[in-house]
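Analysis of the macromolecular model
If you want the building blocks of each chain, they are given just below.
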Amino acid sequence: MNNAIERLKKILKLEQQQGCRNKAVIGGLARMADRWQIDAAKEVTLDGQMALIRQIVAQLHGYGNLSGAPARKEAIESMLA
């Protein structure tokens with residue numbers, strides 16, 4: 001799952017650098033969530049990884065609904081962890 005995770009890390013770090021405005025990807029993080037899930041699922045090697053993927057995808061889908069940069073920053077830090 002390294003390739004999908006590394007791509008997501010780069011996007012999340014860019015989002016942080018841009019002030020957590022949901023502008024790192026066109027259409028916002030929720031827009032890329034489903035495609036990222038497909039890519040990450042193809043790379044699964046351990047049982048617990050699908051649960052982690054689903055958790056991250058849920059956070060990506062909800063990211064745009066978070067109010068303010070502090071809440072979005074916290075969400076990004078959670079996903080990066």
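Residues numbered from 1 in each chain as written. Predicted model: local features only at pLDDT ≥ 70, side-chain atom pairs only at ≥ 80, totals over all residues. Heavy atoms only, no water.

Turning our eyes to something else, we now look at the environment of M50. With respect to the secondary-structure elements, M50 resides in helix α3 (residues 49-63). Separated by ten residues in the primary sequence, M50 and A40 have C-alpha atoms spaced 8.6 Å apart. Beyond its immediate stretch of four places on either side in the chain, M50 contacts A41 and V44. (Helix = DSSP H or I, 4+ residues; strand = E, 2+ residues; numbered from the N terminus. Contact = heavy atoms within 4.5 Å.)

The next subject is the pattern of salt bridges. Pairs can form between side chains of opposite charge whenever their charged atoms are close. Under the definition given, this model contains four salt bridges. A salt bridge links D39 to R35; its shortest N-O distance comes to 3.2 Å. One end of the pair is D39 and the other is R35, both in helix α2 (residues 29-42) and four residues apart, which spans about a single turn. (Salt bridge = Lys/Arg side-chain N within 4 Å of Asp/Glu carboxyl O.)

Looking now at the packing of aromatic side chains. With the rule as written, the count across this model stands at zero aromatic pairs. A cation sits over an aromatic face here: R72 above Y63, 5.4 Å from the ring centre. (Phe/Tyr/Trp six-rings, centres within 6.5 Å; stacked < 30°, edge-to-face > 60°. Lys NZ or Arg CZ within 6 Å of the ring centre and 35° of its normal.)

Relative to the helices and strands, E15 is located in helix α1 (residues 2-17). Although E15 lies buried, it forms no salt bridge, and the closest oppositely charged side chain, R72, sits 5.4 Å away as judged by the N-O distance. A polar side-chain atom of E15 sits 2.3 Å from the main-chain amide nitrogen of N22. Beyond its immediate stretch of four places on either side in the chain, E15 contacts C20, R21, N22, K23, A24, L29, Y63 and I76. (Buried < 20%, exposed > 50% of the residue type's maximum accessible area, 1.4 Å probe, protein only. Lys, Arg positive; Asp, Glu negative; His and termini not counted. Polar contact = N/O pair within 3.5 Å; in protein donor to acceptor, adjacent residues only side chain to side chain.)

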